Amino acid sequence: MFAKCRDWRLMDEAVAMGVYPYYRPIEMPAGAGEVVVGGRRVVMAGSSDYLALSGDARVRAAAVAAIERLGVGTGGSRLTNGTLALHEELEGRLARFLGHEAAMVVTTGFQANLALSALFGPADEVLADGHVHASLIDAARQGRARLRRFRHNDLGHLARLLERGQADAGRLVLSEGLFSATGDVCDLPGIVKLAERHRVRLCLDIAHDVGVLGAGGRGAAERFGLQSAVDVYTVAFSKGLGGLGGAITGPEPVINYLRHHARAMLFSTSLPPASAAAALAGLGIIEAEPERRRRVLAHAARLSTELAALGLAGVGPGDTPIIAVPVGDAVRCMRLCSTLLDEGVFTLAMIPPSVPEGRSLIRLTVTAAHTDDHIDRILDAFAVVCG
Ligand code: PMP
C-alpha cells in the first residue's frame, strides 16, 4: 500500500534544483496585495481573493460577530442539526442575486460541484469543457454519468458530441464562467444556442467570476446578457468573496432534490457561522461597490498589454483578473516562478495535471488590493525574467 509513496520521485528534480514552488508557508497581511514569504515581503500576484474581501474590515467584523454569537462550528450537517438562520439568509440572498429560484449552501466550492453528482445516473450524459475543474469531473464520475469532454471552448466539437449523443438521455453541458488557469471566459452565447437547439441543460461553475465579471458582479452570463439561459450555477465563496464555502443555485425542485440526495451535503458538517456571515457581508459589498471590479479589470488590462510589450507571446486575455503567461515546459515554468519570487513577485506555476502536458503556464492574478506600484513591480520582475 505505501510502497508507491516511497517510490514517488516526481518532484525531486524540482526540489534538487531549488525551484519547487508548492506548499510555501505564507504570512498574509490580509488583502494587502503583499505577503511575507521566507521572511521577505513580496507582491502577491497569485491570489484568487480578487476583490480583496478576505481582509476587508466589514467582512472581518461580520465573521467575528458571528463567532461571538454562534461559536466556531455548527456541530452537524445541514440535514440534521447544522442548519442556521444564517445559512437560510445566505441562500435567499444568493438565489435573488443570481436570479434563480433557490440555493443550497455547502461547506466548500469543491463540495458544491461534487453535490451535482446526485443529479446524474448511468443513463445520463455530461458534456464538460476540457478545462473544467477537477471537482466537476469527480461529480460526473461519482454519478456514473457518461462523461464526454469537448475541447476547451470548441463549440464545433461540442456540437458534434451533442449530435452523436442520445437525444432521450438526460444531458447537461458543464462549463466555467471564467476559467481558473487560462483566465478566458466561456463562449456562453455559442453554448446557449447549442443547449437550446439540442434541449440540454446548462450548468456553469462561476467560482472565479462571481463578484468580478458583469456590471453587477453576477459573472460571465451577466457580461453576455444571458443570465436566464443558465439552469444551474455552482458558486465558491473562496475567490471573489474572499472566504470559504460554496453553493448551488437553480430551480426550486432541483435544489430541494439535491438537499435530500447530495452526499456532499448530507454527510458533511455545515458551513461555520463565520464563513456564512462573511459571505453575506461580501455579497453586500459586491452589490454596493462596483468600483472594486472596475479597478481589478483596469489593472488586468494594463498588465496584459505591458507584458505583451515586453515580448511575451500569448499573454492574456486581459479582460479578466487572471492573466496566463504561456511557458510550455513544466520545469522551466517552475524555474521562472522561482526567479519571479526572487524578484519580489509571487506567481503560480500551473503544470500538469492542472493543465495539459506541454502547456504549463504562469498564472498571474490582479486584485483590488493592488496599487499601480504593485503592477509596476510585477512588470519589473518580468522585465528581469525576459531580459
Ligand atoms: N471550481 C473552480 C473553477 C475552482 O477553481 C475551485 C477552486 N480551485 C473550486 C471550484 C473549488 O472551490 P473551493 O476551493 O472553495 O473548494
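Residues numbered from 1 in each chain as written. Predicted model: local features only at pLDDT ≥ 70, side-chain atom pairs only at ≥ 80, totals over all residues. Heavy atoms only, no water.

- An unreviewed UniProt entry annotates the chain as 8-amino-7-oxononanoate synthase of Actinomadura fulvescens.
- The annotation that UniProt attaches to the chain under Catalytic activity (unreviewed entry) is "6-carboxyhexanoyl-[ACP] + L-alanine + H(+) = (8S)-8-amino-7-oxononanoate + holo-[ACP] + CO2".
- The record held by UniProt for the chain lists under Cofactor (unreviewed entry) the comment "pyridoxal 5'-phosphate". (UniProt positions renumbered as here; feature names shortened; annotations may be inferred.)

Concerning the sheet that holds strand β6 (residues 146–150)
The strands making up a sheet are joined through hydrogen bonds of the backbone, oriented either antiparallel or parallel.
Alright, step 1. Pairing is mixed across the open sheet formed by seven strands, whose spatial order is β4-β10-β9-β8-β7-β5-β6. Here the strands that pair on one side only, and so sit at the sheet edges, are β4 (102–106) and β6. Averaged over all pairs of adjacent strands, the angle between their axes in this sheet comes to 20°, without regard to strand direction.
Alright, step 2. Bridging between strand β5 (residues 125–129) and strand β7 (residues 171–176) involves four bridges; their strand directions are parallel. Within the sheet, the bridge partner assigned to Leu127 lies in β7 and is Val173. (Pairing = 2+ DSSP bridges. Helix = DSSP H or I, 4+ residues; strand = E, 2+ residues; numbered from the N terminus. Axes fitted to C-alpha atoms, helices over the stretch in contact; angles between N-to-C directions.)

A closer look at the site of the ligand
Alright, step 1. Every one of the 13 residues lining the ligand counts as a neighbour, but Phe110, Asp205, His208, Ser238 and Lys239 are closest to it.
Alright, step 2. In this structure, Gly109 approaches the ligand through a main-chain N or O atom, which is 3.1 Å from an oxygen atom.
Alright, step 3. Interatomic distance of 2.8 Å between a backbone N/O atom of Phe110 and an oxygen atom of the ligand.
Alright, step 4. Contact with the protein chains removes 81% of the 390 Å² of surface that the ligand exposes when unbound.
Alright, step 5. By residue number, the principal contributor to the shell around the ligand is helix α5 (residues 109–115), which donates three residues.
Alright, step 6. Each residue belonging to the shell around the ligand can be placed in one class, and the counts come to three nonpolar, seven polar and three charged. (Near = heavy atom within 4 Å. Polar contact = N/O pair within 3.5 Å; in protein donor to acceptor, adjacent residues only side chain to side chain. Areas by Shrake-Rupley, 256 points an atom, 1.4 Å probe, with all protein chains shown as cover. Nonpolar A, V, L, I, M, F, W, Y, C, P; charged D, E, K, R; others polar.)

Observations concerning the pairing of β7
Alright, step 1. Where burial is concerned, most of β7 is hidden: six out of the six residues are buried.
Alright, step 2. Of the two faces of β7, both are covered, the one formed by Arg171, Val173 and Ser175 as well as the one formed by Leu172, Leu174 and Glu176.
Alright, step 3. Where β7 lies against strand β8 (residues 201–205), five bridges are found, and the strand directions are parallel. Across the sheet, the residue bridging to Val173 is Leu202, located in β8.
Alright, step 4. Chirality of the crossover, the property in question, places the unit of β7, helix α8 (residues 188–198) and β8 among those that are right-handed. (Buried < 20%, exposed > 50% of the residue type's maximum accessible area, 1.4 Å probe, protein only. Right-handed = clockwise from strand over helix to strand, strands pointing away.)

Some details on the packing of aromatic side chains
Alright, step 1. For the structure on display, the rule yields one aromatic pair.
Alright, step 2. Look at Tyr20 and Tyr22: their rings are 5.5 Å apart centre to centre, the planes differ by 85°, and that puts the pair in the edge-to-face class.
Alright, step 3. What makes Tyr20 partly exposed here is its relative accessible area of 27%. (Phe/Tyr/Trp six-rings, centres within 6.5 Å; stacked < 30°, edge-to-face > 60°.)

Things to note about the pattern of salt bridges
Alright, step 1. In the structure shown here, the tally under the stated rule is 19 salt bridges.
Alright, step 2. As a salt-bridge pair, Asp56 and Arg292 come within 3.2 Å of each other at their nearest N and O atoms. Here the residue Asp56 occupies a position in the loop between β3 (40–44) and α3 (57–70), and Arg292 occupies one in helix α13 (residues 291–309), the gap between them amounting to 236 residues.
Alright, step 3. Of the charged contacts in the structure, one is a salt bridge between Arg292 and Glu289, with a shortest N-O distance of 2.9 Å.
Alright, step 4. We classify Arg292 as buried; its relative accessible area is 17%.
Alright, step 5. Judged by its relative accessible area of 16%, Glu289 falls in the buried class. (Salt bridge = Lys/Arg side-chain N within 4 Å of Asp/Glu carboxyl O.)

Details of the nonpolar core
The nonpolar side chains of soluble globular proteins are, as a tendency, buried together.
Alright, step 1. Counting residues in hydrophobic clusters, the biggest one holds 94 residues, and the most contacted among them are Leu90, Phe237 and Leu307.
Alright, step 2. Membership of the second largest hydrophobic core comes to 27 residues, among which are Ala118, Leu174, Ala262 and Ala264. (Core = buried A, V, L, I, M, F, W, Y, C linked by side-chain atoms within 4.5 Å.)

Here's the deal with unusual backbone geometry
Alright, step 1. Cis rather than trans, the peptide bond between Gly316 and Pro317 has omega equal to 5°.
Alright, step 2. Looking at the element boundaries, Pro317 is found in the loop between α13 and β11 (322–328).
Alright, step 3. Omega for the bond connecting Pro352 with Pro353 falls within 30 degrees of zero, at 10°, which places this linkage in the cis form.
Alright, step 4. Counting through the fold element by element, Pro353 comes out in the loop between β13 (348–350) and β14 (360–365).
Alright, step 5. Despite not being glycine, Tyr23 has its phi angle at roughly 55°, a positive value.

What about the confidence of the model for the chain?
Alright, step 1. Here the chain averages 95 in pLDDT, while 99% of its residues score no lower than 70.
Alright, step 2. Both scores are available for the predicted complex, with the pTM at 0.96 and the ipTM at 0.99. (pLDDT = per-residue confidence, 0-100.)

Some points on the sheet that holds β11
Alright, step 1. Taken in spatial order, the three strands of this open sheet run β11-β14-β13, and their pairing is antiparallel. For this open sheet the edge positions go to β11 and β13, each flanked by a neighbour on one side alone. Sheet twist, expressed as the average angle between the axes of neighbouring strands with direction ignored, equals 30°.
Alright, step 2. Relative to β14, β11 runs antiparallel, the two sharing six bridges. Considered in β14, the bridge of Ala324 is made with Arg363.
Alright, step 3. The strands that helix α14 (residues 330–342) touches are β11, β13 and β14; relative to β14, the one it contacts most, it runs at about 30°. (Contact = heavy atoms within 4.5 Å.)

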